[in-house]
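What follows is each chain in one-letter form.
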Amino acid sequence: NNNNNNRKKRGRKTRTMPKNVLGYNYTVGKVNRIHLRLRHAKNHTFYSYDDIAGTMCHELAHCEIGPHNAKFYKLMDEIMEQHAIYMVRGVVMDQSGFP
C-alpha cells in the first residue's frame, strides 16, 4: 500500500503502547502529548477513573521532569493534591478555564 510507505518515510507520530503501561508522555521540543490507556489490554474493560487520573498526574509531571527522581515525585504529589482538591470542590475548570 502506497499510503503505508509514505507514513513510514515521515516517521510515526505515536508509538504502540506496551500492554503493561497505562500511559506515556511523548515530548518533542516544547510539545508534550500524553497518551492514556482507557481499557485493559486483554479484556477491554475500562480502567477506573482513579487509575486513569493517577496515570494522567504521573504523565503531567513528566511534562516538566523526565526521570523518576525526588523532584519528579514531589511534582506528581503536588499535581495529585491539586486534582484531589478540585474533585472535592467539584471544580471542573480553574480560573483560566483549564480542567
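You'll find the structure just up there.
Now for a look at the structure at hand. (Residues numbered from 1 in each chain as written. Predicted model: local features only at pLDDT ≥ 70, side-chain atom pairs only at ≥ 80, totals over all residues. Heavy atoms only, no water.)

What follows covers the overall build of the protein. Each helix and strand in the protein was counted, giving three helices and two strands. Once local pairs closer than 6 in sequence are excluded, the contacts in the protein between residues at least 24 apart make up 20%. When the accessible surface of the protein is summed, it comes to about 8000 Å², and 54% of that surface belongs to carbon and sulfur atoms. (Helix = DSSP H or I, 4+ residues; strand = E, 2+ residues; numbered from the N terminus. Contact = heavy atoms within 4.5 Å. Areas by Shrake-Rupley, 256 points an atom, 1.4 Å probe, with all protein chains shown as cover.)

Further remarks concern the packing of aromatic side chains. Two aromatic rings are characterised by how far apart their centres lie and by the angle between their planes. The full count for this structure, using the stated rule, is one aromatic pair. When the ring of F72 is compared with that of Y73, the centres are 5.0 Å apart and the planes differ by 85°; the resulting orientation is edge-to-face. A relative accessible area of 38% means that Y73 is categorised as partly exposed. For the cation-ring pair, R39 lies above F46, with the distance from its terminal atom to the ring centre recorded as 3.9 Å. (Phe/Tyr/Trp six-rings, centres within 6.5 Å; stacked < 30°, edge-to-face > 60°. Buried < 20%, exposed > 50% of the residue type's maximum accessible area, 1.4 Å probe, protein only. Lys NZ or Arg CZ within 6 Å of the ring centre and 35° of its normal.)

Our next topic: unusual backbone geometry. Here the phi dihedral of H44 falls at roughly 65°; this positive angle occurs in a residue that is not glycine. By secondary structure assignment, the location of H44 is in the loop between strand 2 (31–36) and helix 2 (49–62).

Next up on the list: the pattern of salt bridges. A complete count under the given rule lists one salt bridge for this structure. The salt bridge involving E78 is made with K74; its shortest N-O contact spans 2.9 Å. Taken together, the positions of E78 and K74, both in helix 3 (residues 70–89) and four residues apart, correspond to about one turn of that helix. Looking at E78, the relative accessible area reads 39%, which means it is partly exposed. (Salt bridge = Lys/Arg side-chain N within 4 Å of Asp/Glu carboxyl O.)

With that out of the way, let us pick up the nonpolar core. Judged by nonpolar contacts, C57, A61, I65, F72, M76 and I79 together constitute the single largest core of six residues. It is helix 3 that contributes the most residues to this core, three residues altogether. In this structure, C57 is in contact with M76, I79, M80 and H83, ignoring residues within four places of it in sequence. (Core = buried A, V, L, I, M, F, W, Y, C linked by side-chain atoms within 4.5 Å.)

Contact geometry of helix 2 with helix 3 gives a least axis separation of 8 Å together with a crossing angle of 135°. What the angle tells us is that helix 2 and helix 3 run oblique. The hand of the helix 2/helix 3 crossing is right-handed. Where helix 2 abuts helix 3, its residues Y49, A53, G54, C57, H58, L60, A61 and H62 lie against F72, L75, M76, I79, M80, H83 and M87. Here the residues of the contact of helix 2 with helix 3 are counted per class, giving 11 nonpolar, four polar and no charged. (Axes fitted to C-alpha atoms, helices over the stretch in contact; angles between N-to-C directions. Parallel < 35°, antiparallel > 145°, perpendicular 65-115°, else oblique. Left-handed = near helix turned anticlockwise from the far one by under 90°. Nonpolar A, V, L, I, M, F, W, Y, C, P; charged D, E, K, R; others polar.)

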